[in-house]
Amino acid sequence: GQSLEQPSEVTAVEGAIVQINCTYQTSGFYGLSWYQQHDGGAPTFLSYNALDGLEETGRFSSFLSRSDSYGYLLLQELQMKDSASYFCAVRVDFNKFYFGSGTKLNVKP
Amino acid sequence: EADIYQTPRYLVIGTGKKITLECSQTMGHDKMYWYQQDPGMELHLIHYSYGVNSTEKGDLSSESTVSRIRTEHFPLTLESARPSHTSQYLCASSGQGNEQFFGPGTRLTVL
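Calculation criteria
- Residues numbered from 1 in each chain as written.
- Chains lettered and ligands numbered in written order.
- Predicted model: local features only at pLDDT ≥ 70, side-chain atom pairs only at ≥ 80, totals over all residues.
- Heavy atoms only, no water.
- Salt bridge = Lys/Arg side-chain N within 4 Å of Asp/Glu carboxyl O.
- Helix = DSSP H or I, 4+ residues; strand = E, 2+ residues; numbered from the N terminus.
- Buried < 20%, exposed > 50% of the residue type's maximum accessible area, 1.4 Å probe, protein only.
- Contact = heavy atoms within 4.5 Å.
- Buried area = accessible area lost by both parts, 1.4 Å probe.
- Polar contact = N/O pair within 3.5 Å; in protein donor to acceptor, adjacent residues only side chain to side chain.
- Nonpolar A, V, L, I, M, F, W, Y, C, P; charged D, E, K, R; others polar.

A. Region of the structure containing the pattern of salt bridges. A full pass over the atoms with the stated rule returns five salt bridges over all chains. The partner of D39(A) in a salt bridge is K104(A), and the shortest N-O contact between them spans 3.9 Å. Linking D39(A) in the loop between β4 (31-37) and β5 (44-49) with K104(A) in strand β11 (residues 103-108), this pair joins segments that are 65 residues apart in sequence. Residue D39(A) is classed as exposed on the basis of its relative accessible area of 67%. The shortest N-O distance in the salt bridge between E72(B) and R70(B) comes to 3.0 Å.

Encoded structure:
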């Protein structure tokens with residue numbers, strides 16, 4: 001089976017830095033994606049890591065360690081609009097993705 | 001700009017009815033997906049397709065069917081709706097890259 005684990009909820013204050021972890025056990029691994037989903041909205045793509053290391057896109061960075069089956073999403077300079085759920089997703093083959101259960105991020109003033 | 005559409009956005013229907021949820025994309029993507037998501041929960045893959053006339057089952061496919069006759073269209077059919085089908089259904093597509101583009105979803109309630 002496929003298993004992806006993320007914390008269910010994280011709370012941080014505006015301007016802070018927060019890290020959301022994802023550990024996975026899957027039948028195959030091509031890469032790790034991160035998606036953001038606001039309440040009532042559709043998931044939107046944030047990042048994809050196929051190789052070990054850190055990828056930076058503005059205030060968001062994503063990290064992958066294939067040997068540890070682990071990745072994280074780092075959000076810097078938190079803003080109120082960052083309050084949302086964040087999902088990691090593993091690409092297990094060329095066509096198929098499995099999603100984690102999501103981490104609800106609460107940003108407080 | 002990603003263009004993927006789902007209809008209807010909301011649907012309330014009685015038990016035993018047959019329903020079809022529509023999904024269309026205008027990006028020419030080969031791969032399309034259907035996910036089921038309960039509020040605040042993970043996305044479960046129901047079906048996916050990697051091109052015309054190709055469909056594969058995901059983890060929750062046993063009570064639904066899909067077809068892919070045209071690249072842009074990937075409808076999902078529930079033959080006999082049950083209250084356990086009450087959920088949000090998300091359609092997505094992807095091209096050669098790693099990003100999946102999601103539609104706005106259909107919120108289904110089965111009474």
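B. Here's a closer look at the interface of chain A and chain B. Contacts between the two partners involve 18 residues from chain A and, on the opposite side, 23 residues from chain B. When the buried area of chain A at its contact with chain B is split by residue, N95(A), F97(A) and F99(A) rank highest and sum to 30% of it. Remark: the boundary between chain A and chain B carries zero salt bridges. Linking chain A to chain B there are five residue pairs in polar contact (both at pLDDT 80 or more). At the level of elements, β4, β5, β9 (84-91) and β10 (97-99) of chain A are the ones that each hand at least two residues to the side of chain A that touches chain B. Split by residue class, the side of chain A that touches chain B holds 10 nonpolar, six polar and two charged.

By themselves these figures say nothing about function.
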